[in-house]
Amino acid sequence: MENTTENKMGVMPVGKLLVQISLPMMISMLVQALYNIVDSIFVAQISENALTAVSLAFPIQNLMFSTIIGTGVGINSLLSMRLGQKDQEAVDRTAMNGILLATISYVVFLIVGLTVPRPYFESQTNNQEIIEYGVTYLRICMIVSFGVFSSITFERLLQSTGRTILSMASQLTGAITNCILDPIMIFGLLGCPRMGIAGAAWATVIGQIAAGIVSLILNITKNKEIKFELKGLIPSGKIIWDIYKVGIPSILLGSIGSFLTYLLNLILGAFSTTAIAVYGVYFKLQSFIFMPVFGLNNGIVPIVAYNYGAKHKDRILRAIKLCAIAAFTIMMIGLLIFEFLPRLLLGMFNASEEMLRIGIPALRIIALHFPIAALSITFISVFQSMGRGLFSMITSFIRQIIVLLPAAYLLSLTGNINNIWWAFVLAETASLICCVFGFKNVYKTQISTL
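Section: unusual backbone geometry
Point 1. In the Ramachandran plot, Leu 190 falls in the positive-phi region, its phi being about 55 degrees despite a non-glycine side chain.
Point 2. By the secondary structure assignment, Leu 190 is in the loop between helix H8 (164-187) and helix H9 (197-222).
Point 3. For Leu 190, a relative accessible area of 78% puts it in the exposed group.

Next comes the structure, spelled out in structure tokens:
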């Protein structure tokens, strides 16, 4: 009988279980990617400088997202493992300590939002219009970021217990709210004052707050595997360490991405601000392909973690195989879209002729790494679910700092901006090689002995 989430993750056919858990995540993350694209499409209608400002804001925003998502990965992995071990007290304390960590993280980024935006933008451009757009946008997104910290944390708690449909409901709430408010607040519709780029920021944070409220309510009313008691907020050094043992590598992984994007913007800025805008547009567009894959791989984290705790070797291996096949298929579809429809994709962002000239070859070249990335992402999710987040960090460091950044810089010295994009293909190939070696180690030391 499949009366509990534990039994479902332990006995339901793996293919069916992966679909049941991952599909809601994939849909919700696809919608989130869509509203990120919609957000930039509306901002592009203001001006190319506004679009460039949002692109330059990405590294700091990504650092914030990486912090809470990485913490959520640690919570998800540890809580699912404790569910597999049927340790109720540890489940409850893990959840509450995770909430505490999210609160502390918000306070840190509130302070950053009050102090960092202006010097950050001034370090990247002398264009005063871009600076003012960027400072306005980033300050709002960071100071009012408590919505994203609460929504992601509570969504991870729902995912950890297999309630991904409820998690999807929360994410859809935020995405839909943002999409509705974007044109209203940016362009001053339905009696709302015209707020420009500030309207884009407010639409984003209001959507995040809405998602946070919904996910909190769903956890309290529907997530019966977790008892939310205030005494659980008492910090536990062991629980916090176990969360961050997996979470910190994930946080650093995302932080490395922020550092990389910042430096790539400087490299591209030596060519033109339009090149920075193209890179920002690429990031928005590729998220529409990558987000479903991330949702799919987020789905295998609780499955692998639970079955590792329950010592079900065959179920772990089947979940990995099915996930890799599905991720590769999605990425191949993305590759075809980028190769055959780059002009249409860029046209959605009110692209100038200069943006088209730079952007069309950029999309076609960078997309070549999509199928390779599908396999790397799958391996990284396995590392996280089995408490080997350090492997994820090492792989990302090699990919982005050891390979991608130096390659991009060296290729930029040719004076041909199109050569820079090949750095992504080189870096992803190096990442996959590292992942294969890492998985061999995990299989030998953890999986084969079950």
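Still to come is the rest of the account.
Some thoughts on the nonpolar core
Point 1. Ranked by internal contacts, the top residues of the largest apolar core, which has 113 residues, are Leu 264, Met 331, Phe 338 and Trp 421.
Point 2. Broken down by element, this core gets its largest block of residues, 15 residues, from helix H11 (residues 273-309).
Point 3. When residues no more than four places from it in sequence are discounted, the contact partners of Phe 338 are Tyr 282, Leu 285, Gln 286, Ile 289, Leu 345, Leu 363, Arg 364, Ala 367 and Phe 370.
Point 4. Among the nonpolar cores identified, the runner-up in size contains 16 residues, and Ile 75, Leu 79, Ala 95 and Tyr 244 belong to it.

Here's the deal with the packing of helix H3 (residues 48-84) against helix H10 (residues 237-269)
Point 1. Contact geometry of H3 with H10 gives a least axis separation of 7 Å together with a crossing angle of 160 degrees. Judged by the inter-axis angle, H3 sits roughly antiparallel to H10. Crossing hand, H3 versus H10: right-handed.
Point 2. Residues that form the contact of H3 with H10 fall into these classes: 13 nonpolar, 16 polar and three charged.

Overview of the environment of Met 185
Point 1. Residue position: Met 185 is located in helix H8.
Point 2. Here the alpha-carbon distance between Met 185 and Ala 198, two residues 13 residues apart in the chain, equals 8.1 Å.
Point 3. Aside from chain neighbours lying at most four places away, what touches Met 185 is Cys 192, Pro 193, Arg 194, Met 195, Gly 196, Gly 199, Trp 202, Ala 203 and Ile 206.

Considerations on helix H14 (residues 353-366)
Point 1. Look at H14: 20 Å from first C-alpha to last across 14 residues, which is about the 20 Å you get at 1.5 Å a residue.
Point 2. Of all bends in H14, the biggest is about 30 degrees, found at Gly 359, and the proline Pro 361 comes one to four residues later.
Point 3. Along H14, the residues that are buried comprise Met 355, Leu 356, Ile 358, Gly 359, Ile 360, Ala 362, Leu 363, Ile 365 and Ile 366.

Quick notes on the environment of Pro 342
Point 1. Positionally, Pro 342 belongs in helix H13 (residues 342-347).
Point 2. For Pro 342, a relative accessible area of 2% corresponds to the buried category.
Point 3. Considered as a pair, Pro 342 and Pro 361 are 19 residues apart in the sequence and their alpha carbons are 8.2 Å apart.
Point 4. Apart from residues lying up to four places away in sequence, Pro 342 is in contact with Ile 337, Ile 360, Leu 363 and Arg 364.

Some points on the packing of aromatic side chains
Point 1. Scanning the model with the defined rule gives 17 aromatic pairs in all.
Point 2. On the numbers, 5.8 Å between centres and 35 degrees between planes, the contact of Tyr 120 with Tyr 262 is tilted. Here Tyr 120 is found in helix H5 (residues 117-122), whereas its partner Tyr 262 is found in helix H10, with 142 residues between them in sequence.
Point 3. Residue class for Tyr 262 comes out partly exposed when judged on its relative accessible area of 21%.
Point 4. In this structure an aromatic cluster arises from ring pairing among Phe 58, Tyr 279, Tyr 282, Phe 283 and Phe 424.
Point 5. A cation sits over an aromatic face here: Lys 440 above Phe 437, 5.7 Å from the ring centre.

Side note on the packing of H11 against helix H12 (residues 313-340)
Point 1. Taken N-terminus to C-terminus, the directions of H11 and H12 make an angle of 175 degrees; their axes are 9 Å apart at the nearest point. Classified by the angle their axes make, H11 and H12 are roughly antiparallel.
Point 2. Here the residues of the contact of H11 with H12 are counted per class, giving 18 nonpolar, four polar and one charged.

What about the side chain of Ser 255?
Point 1. Tracing the backbone through its elements, the reader meets Ser 255 in helix H10.
Point 2. A polar atom in the side chain of Ser 255 sits 2.8 Å from the backbone oxygen of Ile 251.
Point 3. With sequence-adjacent residues up to four places away left out, Ser 255 is seen in contact with Leu 63 and Ser 66.

Notes on the pattern of salt bridges
Point 1. Counted by the stated rule, this structure contains six salt bridges.
Point 2. In this structure, Arg 82 and Asp 242 form a salt bridge, with 3.6 Å as the shortest nitrogen-oxygen distance. Taken together, the residues Arg 82 in helix H3 and Asp 242 in helix H10 connect sequence positions 160 residues apart. Considered together, Arg 82 and Asp 242 belong to a single accessibility category, that of buried residues.
Point 3. Between Arg 118 and Glu 132 there is a salt bridge whose closest N-O contact spans 2.9 Å. Of the two residues, Arg 118 is situated in helix H5 and Glu 132 in helix H6 (residues 128-143); the sequence distance between them amounts to 14 residues.

Side note on a nonpolar patch on the surface
Point 1. On the surface, Ile 333, Leu 336, Ile 337, Phe 340, Leu 341 and Leu 344 cluster together into a nonpolar patch covering about 590 Å² of accessible area.
Point 2. Top element by residues in the nonpolar patch is H12. It accounts for four residues.
Point 3. Relative to the assigned elements, Phe 340 resides in helix H12.

Rules used in this analysis
- Residues numbered from 1 in each chain as written.
- Predicted model: local features only at pLDDT ≥ 70, side-chain atom pairs only at ≥ 80, totals over all residues.
- Heavy atoms only, no water.
- Helix = DSSP H or I, 4+ residues; strand = E, 2+ residues; numbered from the N terminus.
- Buried < 20%, exposed > 50% of the residue type's maximum accessible area, 1.4 Å probe, protein only.
- Core = buried A, V, L, I, M, F, W, Y, C linked by side-chain atoms within 4.5 Å.
- Contact = heavy atoms within 4.5 Å.
- Axes fitted to C-alpha atoms, helices over the stretch in contact; angles between N-to-C directions.
- Parallel < 35°, antiparallel > 145°, perpendicular 65-115°, else oblique.
- Left-handed = near helix turned anticlockwise from the far one by under 90°.
- Nonpolar A, V, L, I, M, F, W, Y, C, P; charged D, E, K, R; others polar.
- Expected span 1.5 Å × (residues − 1).
- Bend = angle between axes of the 7 residues up to and from the residue.
- Phe/Tyr/Trp six-rings, centres within 6.5 Å; stacked < 30°, edge-to-face > 60°.
- Lys NZ or Arg CZ within 6 Å of the ring centre and 35° of its normal.
- Polar contact = N/O pair within 3.5 Å; in protein donor to acceptor, adjacent residues only side chain to side chain.
- Salt bridge = Lys/Arg side-chain N within 4 Å of Asp/Glu carboxyl O.
- Patch = residues over 30% accessible without salt bridge, like charges linked within 9 Å, V, L, I, M, F, W, Y side chains within 5 Å.
- Areas by Shrake-Rupley, 256 points an atom, 1.4 Å probe, with all protein chains shown as cover.

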